[in-house]
Amino acid sequence: YYTHHDSNILGIWYFLKKCYENGWIYQSQLAMPWCPRCGTSLSEHEMAGSYKKIKHLSVFIKLFLKERNAHILVWTTTPWTLAANVALAVNPNLEYCEVKVEGEEIPVILCSDTLHILKKKRYKVINRFPGKELVGLRYEPILSGLEVQKQVVHRIIAWDAVDPSEGSGIVHIAPGCGREDYELGVELNLAVLSPVDDEGTYVSGYGWLEGKEASSSAEEIVAHLKQNNKLFYHYMHEHSYPICWRCKSELIFRLVSEWFISCKDIRPAMIKANAKIRWQPEFIGKRMEDWLKNMGDWCISRKRFWGLPLPFYKCPFCGKLTVVGSLNELRELSEDDIDSLPELHRPWID
């Protein structure tokens, strides 16, 4: 079958109308994997097998704590997201330490399990304490000269998921640039900054970064950190990073409004149906069951030409949603000549 053919489109419109009638269709904001080149988000299915080893400029940053005469050490492999930082996270159950490092005027704070990141620098541990002692402390904004950052109160928060196996044991939180960050932001009512547009360029309010591509901003951001005495050190870090399956461009994560099918009601019926199937080999059935038990809600919307044109029309005044389930229904609702369209796909359907 061809996904852009009318027969396929109309079949899925019918399916989506049934989902809507069952109350399974909803719209929500979410930090999604996004291809700036294609101008669209990608589903979990599209992300499968899309990771490859890539080297990125990574930084350790020292930030002054306002209630303590010390710098806190923060690590990131995505410097472009620093413009959207609103908090730092520590694990309240881990041990942290205050360290006097050769060449640094004031002590630096990091997780005790990450002292190896100081490398060949001479240092002395002068204090040890649990991470919970850092929670609530305020720190200076990471990047200066950004209008959007002026209204944010930058504080340290507690997060049990902070893992000292990489970095400094202090995690930079940008809810507008990461799935876990966004979920944590919703839970703790953190500010959400979405710094880039569909093409991955910084939007208005981001000062000296405005109009620049996020993907090529790392060196300029590192230079800014160095100029403002916030750069501890930087290096090239190799890690597994997602790329677009269509064009092979590196993906970013950005906050977008998407349409979803809720799987809460569907999941039990699918698990029950899966149990009736005789799978060959048998382990495939167990793998399918595991996938069904853990699957999240299905993000179905794509931007631009990609994907099926969703027949969702929301009233700009009252917010009522109309879901079109057939060509006849579209003819009745539209004042245009539907039959003159070359096909029901974008951009003609618009």
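Above this note sits the structure.
Residues numbered from 1 in each chain as written. Predicted model: local features only at pLDDT ≥ 70, side-chain atom pairs only at ≥ 80, totals over all residues. Heavy atoms only, no water.

S.K.: Help me understand the overall build of the protein chain, please; the structure alone is not making it clear to me.
M.R.: In terms of regular secondary structure, the protein chain is built from seven helices and 15 strands. With the C-alpha coordinates aligned to their principal axes, the bounding extent of the protein chain is approximately 75 × 50 × 35 Å. Relative to its 350 residues, the protein chain shows a buried fraction of 48%. The long-range fraction of contacts in the protein chain, counting pairs at least 24 apart against all pairs at least 6 apart in sequence, stands at 71%. Accessible surface, the protein chain: about 18900 Å² in total, of which carbon and sulfur atoms supply 51%. Charge-centre separation for the protein chain: the mean point of 42 positive side chains lies 5 Å from the mean point of 44 negative side chains. (Helix = DSSP H or I, 4+ residues; strand = E, 2+ residues; numbered from the N terminus. Buried < 20%, exposed > 50% of the residue type's maximum accessible area, 1.4 Å probe, protein only. Contact = heavy atoms within 4.5 Å. Areas by Shrake-Rupley, 256 points an atom, 1.4 Å probe, with all protein chains shown as cover. Lys, Arg positive; Asp, Glu negative; His and termini not counted. Charge placed at Lys NZ, Arg CZ, Asp CG, Glu CD.)

S.K.: Is there a simple way to explain a nonpolar patch on the surface in this structure?
M.R.: The grouping of Ile12, Phe15 and Trp298 at the surface amounts to a nonpolar patch, some 290 Å² of accessible area in total. You can see Trp298 is positioned in strand E13 (residues 298-299). (Patch = residues over 30% accessible without salt bridge, like charges linked within 9 Å, V, L, I, M, F, W, Y side chains within 5 Å. Salt bridge = Lys/Arg side-chain N within 4 Å of Asp/Glu carboxyl O.)

S.K.: What is the right way to read the environment of Tyr51 from this model?
M.R.: Position of Tyr51 relative to the elements: it lies in strand E3 (residues 51-64). With relative accessibility at 44%, the residue Tyr51 sits in the partly exposed group. The spatial distance from the C-alpha of Tyr51 to the C-alpha of Trp245 is 9.5 Å, given a sequence separation of 194 residues. Ignoring sequence-local partners within four residues, the contact set of Tyr51 consists of Ser240, Tyr241 and Pro242.

S.K.: Hey, could you run me through the packing of aromatic side chains in this one?
M.R.: Where two aromatic rings form a pair, the distance of their centres and the angle of their planes describe that pair. With the rule as written, the count across this model stands at eight aromatic pairs. Between Tyr233 and Tyr235, the aromatic rings sit 6.2 Å apart at their centres with planes inclined by 45 degrees, giving tilted as the arrangement. With relative accessibility at 16%, the residue Tyr233 sits in the buried group. Owing to a relative accessible area of 23%, Tyr235 belongs among the partly exposed residues under this scheme. (Phe/Tyr/Trp six-rings, centres within 6.5 Å; stacked < 30°, edge-to-face > 60°.)

S.K.: Help me understand the packing of helix H5 (residues 266-275) against helix H6 (residues 282-294), please; the structure alone is not making it clear to me.
M.R.: If you want to describe how two helices pack, look at the angle between their axes and the distance between the axes. H6 packs onto H5 with a crossing angle of 175 degrees between their chain directions and a minimal axis gap of 10 Å. The orientation of H5 with respect to H6, classified from their angle, is roughly antiparallel. Of H6, the residues touching H5 (which contributes Arg267, Met270, Ile271 and Asn274) are Gly285, Met288, Glu289, Leu292 and Lys293. Its residues assigned to classes, the contact of H5 with H6 comprises four nonpolar, two polar and three charged. (Axes fitted to C-alpha atoms, helices over the stretch in contact; angles between N-to-C directions. Parallel < 35°, antiparallel > 145°, perpendicular 65-115°, else oblique. Nonpolar A, V, L, I, M, F, W, Y, C, P; charged D, E, K, R; others polar.)

S.K.: Looking at this structure, I do not really get the side chain of Ser301. What am I missing?
M.R.: With respect to the secondary-structure elements, Ser301 resides in the loop between E13 and strand E14 (312-314). Ser301 sits in the buried class, given a relative accessible area of 4%. Among residues more than four places away in sequence, those in contact with Ser301 are Ser41, Glu258, Trp259 and Leu310.

S.K.: I tried to follow the nonpolar core on my own but got confused; where do I start?
M.R.: Considering soluble globular proteins, one finds that nonpolar side chains tend to be buried as a cluster. Ile72 and Leu110 are the most contacted members of the largest nonpolar core, which has 73 residues in total. Looking at which element gives the most residues to this core, the answer is E3, with five residues. When near neighbours in sequence (up to four residues on either side) are disregarded, Leu110 contacts Leu73, Tyr96, Cys97, Val99, Leu115, Ile117, Leu118, Ser168 and Ile170. Counting 19 residues, the second largest nonpolar core, distinct from the first, contains Ile9, Ile266, Phe312 and Val324. (Core = buried A, V, L, I, M, F, W, Y, C linked by side-chain atoms within 4.5 Å.)

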